[in-house]
Every structure is written in structure tokens, then in C-alpha cells.
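Working through the structure, step by step
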Amino acid sequence: MITMKMKLLNNPGYTDWIPVNMGREKCLPKHGFGPAIRKNYLIHYVVSGCGRFQNKNGTFPVHRGQIFLIYPGEVTFYRADAKNPWEYIWVEFHGSMAKKLDDLPCPVMDVREDLFLRMWEGAQREENAEEYVLSQLVLLIPELTGVKKEDSAAEKIEQFIESNYMQDIRIEDMARWMGYTRQHLTRIFKAYKQKSIQAYLLEVRLHHAKEFLRKGYSVSQTAIMCGYRDVFHFSRSFKQYYGASPKNIL
């Protein structure tokens, strides 16, 4: 009997990385899928067992601890082993940064198990499932592309803030999702950007706030759209940063 669970994911406005769905499946011997063409990027991580993956470049054996990557628009086929069928976790996604994966030399690679286990655990959450999956996805990419981990972590924080400044962003949550302490993550980002995470978040929020005000949004509307729950706090931060109150910005 095939056992499968799948979780559809919403997109609350991301553009760089857009998770679509996740699933976990324990397959019967010789269970196959395809030939098929996918619309998005799809990564399967083999939790146990083994099987084979086929694309235009050939057939690849895949075992526990490895992923196989499916690109949008390519024809693929994969089948579980007859004696030791695989169980895998998959994640489907797209976005402007997903193209970083286009030049990988091989669709099958060794990957840390904890990234996918955390990703799957996060997908089961009733709240912030998409953010948790995204946080693990952006950590996965350096594993595949060979980017220095700490530089990539700082870059991903920057991208995450740019895409989610309107949300309630907590440094402690980002640190936990990325597997760092708050102090270590802060040091990584400061070395990369020459400013703290909090200072960069403030800068991004207030930059967008200025643009919203100039487009005619009210102070209270702008505060909410930039992640502030308290309009007074927003106005005070804005005046400290720009030297003028929000109402005086044209």
C-alpha cells in the first residue's frame, strides 16, 4: 500500500522563492511516476530505501540521503526499487531565485537530512507554514550550489526581509529556522551588510513607508503595510529616521 501525505502552501506575496506544496510518500516496490512534465521546480529527498531517476541525460540511481531535482518543462520518470522501495519528501517551488539551480552538474546530490525533516515538520504548522518551509528552502540552495554557508545565510536574510518586511519578523525565529543562535546570526549579517539585522529591517520598512506616503496612503495604512502594529511607534521611528513626521513627507 502506498502511503502519501501532501500539504498545499499559500503564497503570501513572495517573489524570490515561492513554495507551492510539500509531500511525503512511502512507495510500493516498483512504484513509478511518469513520463511527466512539471510546471515548477521539484526536489525529492530520499528518507529511506532507493530507486532510479531518469531525465534526458540518463538514468541515475538514488539512495537514502540524496535528492533528485526535476526542472520545469523537462520529461522525467522515476521508480522505486523492487526490493528496497524508497520513501521520500518532496517540495515544489518556483520564483526568480530558483534559476540558481539551472546550472547544477547533476540532478542527484547528497544533502543534509535535517533540512528536509525540518521543512516537512514546518509544513504541518497551522500558522506560518510557508515561512518555515521557505526558511529551510533558502538554506538548501547553498548546499546544492556550493555557496559559502555563512555568506549565503546573510544574503538570504536580506532577501527574506526585502520580501517580508510587512510581516512580524523576529530575529529569534530566523535564527532558529536557519540553525544559528541569535548572536551568531547577528554577527554573520553585520559582517556582510555592515549593519544589524534590526537596523536593516527598519531601513527597508521606512524606505517603503516613504514611497507609500507619497502615493497617497494614510499614515495608519502605511504603518500596517510596513509591519507596524502601533501607528505611534511607526510615526516616532519615521521621524527619528527622516527628521520629519510622516504627515510632512510629500
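Parameters and conventions
- Residues numbered from 1 in each chain as written.
- Predicted model: local features only at pLDDT ≥ 70, side-chain atom pairs only at ≥ 80, totals over all residues.
- Heavy atoms only, no water.
- Axes fitted to C-alpha atoms, helices over the stretch in contact; angles between N-to-C directions.
- Helix = DSSP H or I, 4+ residues; strand = E, 2+ residues; numbered from the N terminus.
- Parallel < 35°, antiparallel > 145°, perpendicular 65-115°, else oblique.
- Contact = heavy atoms within 4.5 Å.
- Nonpolar A, V, L, I, M, F, W, Y, C, P; charged D, E, K, R; others polar.
- Buried < 20%, exposed > 50% of the residue type's maximum accessible area, 1.4 Å probe, protein only.
- Pairing = 2+ DSSP bridges.
- Expected span 1.5 Å × (residues − 1).
- Phe/Tyr/Trp six-rings, centres within 6.5 Å; stacked < 30°, edge-to-face > 60°.
- Lys NZ or Arg CZ within 6 Å of the ring centre and 35° of its normal.
- Salt bridge = Lys/Arg side-chain N within 4 Å of Asp/Glu carboxyl O.
- Polar contact = N/O pair within 3.5 Å; in protein donor to acceptor, adjacent residues only side chain to side chain.
- Left-handed = near helix turned anticlockwise from the far one by under 90°.

**Examining the packing of helix H6 (residues 197-214) against helix H8 (residues 231-242)**
- Between H6 and H8, whose axes approach to 11 Å, the crossing angle comes to 95°. Considering the angle they form, H6 stands roughly perpendicular to H8. Along the contact surface, H6 presents Leu 202, Glu 203, Leu 206, His 207, Ala 209, Lys 210 and Leu 213, while H8 presents Phe 234, Ser 237, Phe 238, Tyr 241 and Tyr 242.
- Taken together, the residues of the contact of H6 with H8 break down into eight nonpolar, two polar and two charged.

**Considerations on the pairing of strand S9 (residues 87-94)**
- Summarising burial for S9: seven of the eight residues are buried, a large majority.
- Where strand S4 (residues 41-48) and S9 come together, seven bridges link them in antiparallel fashion. Within S9, the residue paired with Tyr 41 across the bridge is Phe 93.

**Focus on H6**
- Look at H6: 26 Å from first C-alpha to last across 18 residues, which is about the 26 Å you get at 1.5 Å a residue.
- One or two positions beyond H6, positive phi appears at Gly 216, with a value near 105°.

**Looking at the packing of aromatic side chains**
- Evaluation of the coordinates by the stated rule reveals 19 aromatic pairs.
- Taking 5.0 Å as the distance between ring centres and 15° as the angle between the ring planes, the aromatic pair formed by Tyr 45 and Phe 116 counts as stacked. Here Tyr 45 is found in strand S4, whereas its partner Phe 116 is found in helix H1 (residues 113-123), with 71 residues between them in sequence.
- Exposure remark for Tyr 45: the relative accessible area of 1% places this residue in the buried category.
- Taking the relative accessible area as the measure of exposure, Phe 116 reaches 0% and is therefore buried.
- With 5.5 Å between their ring centres and 65° between their planes, Trp 86 and Tyr 88 make a pair best called edge-to-face. As far as burial versus exposure is concerned, Trp 86 and Tyr 88 are alike and both buried.
- Here the aromatic cluster, defined as three or more aromatic residues joined through ring pairs, consists of Phe 33, Phe 53, Phe 68, Tyr 78, Trp 86, Tyr 88 and Trp 90.
- Positioned above the aromatic ring of Tyr 228 is the side chain of Arg 205, whose terminal nitrogen or guanidinium carbon lies 5.7 Å from the ring centre.

**Here's the deal with the pattern of salt bridges**
- Summed over all chains, the structure comprises nine salt bridges.
- Asp 114 is the partner of Arg 118 in a salt bridge, and the nearest nitrogen-oxygen pair spans 3.7 Å. On the criterion of helical spacing, the pair formed by Arg 118 and Asp 114 is a turn pair, its members being four residues apart in helix H1.
- Taking relative accessible area as the criterion, Asp 114 reaches 25% and is therefore assigned partly exposed.
- A salt bridge links Arg 170 to Asp 168; the nearest nitrogen and oxygen atoms lie 3.1 Å apart.
- Salt bridges linked by common partners bring Arg 112, Asp 114 and Arg 118 together as one network.

**Structural notes on the environment of Glu 87**
- Its location among the elements puts Glu 87 in strand S9.
- Separated by 48 residues in the primary sequence, Glu 87 and Lys 39 place their C-alpha atoms 23 Å from one another.
- Residues contacting Glu 87, with those up to four places away along its chain left out, are Arg 24, Glu 25, Lys 26, Tyr 45, Val 46, Val 47 and Ser 48.
- Side-chain polar atoms of Glu 87 contact the side chain of Arg 24, separated by 2.8 Å.

**Remarks on the packing of H1 against helix H2 (residues 129-145)**
- For the pair H1 and H2, the least separation of the axes is 8 Å and the interaxial angle reads 165°. Overall, the two elements H1 and H2 adopt an arrangement that is roughly antiparallel. Our pair here, H1 against H2, has a crossing hand that is left-handed. When H1 is examined against H2, the residues Leu 115, Phe 116, Arg 118, Met 119, Gly 122 and Ala 123 are found in contact with a partner set consisting of Ala 129, Tyr 132, Val 133, Gln 136, Leu 137, Leu 139, Leu 140 and Glu 143.
- The class makeup of the residues in the contact of H1 with H2 is ten nonpolar, two polar and two charged.

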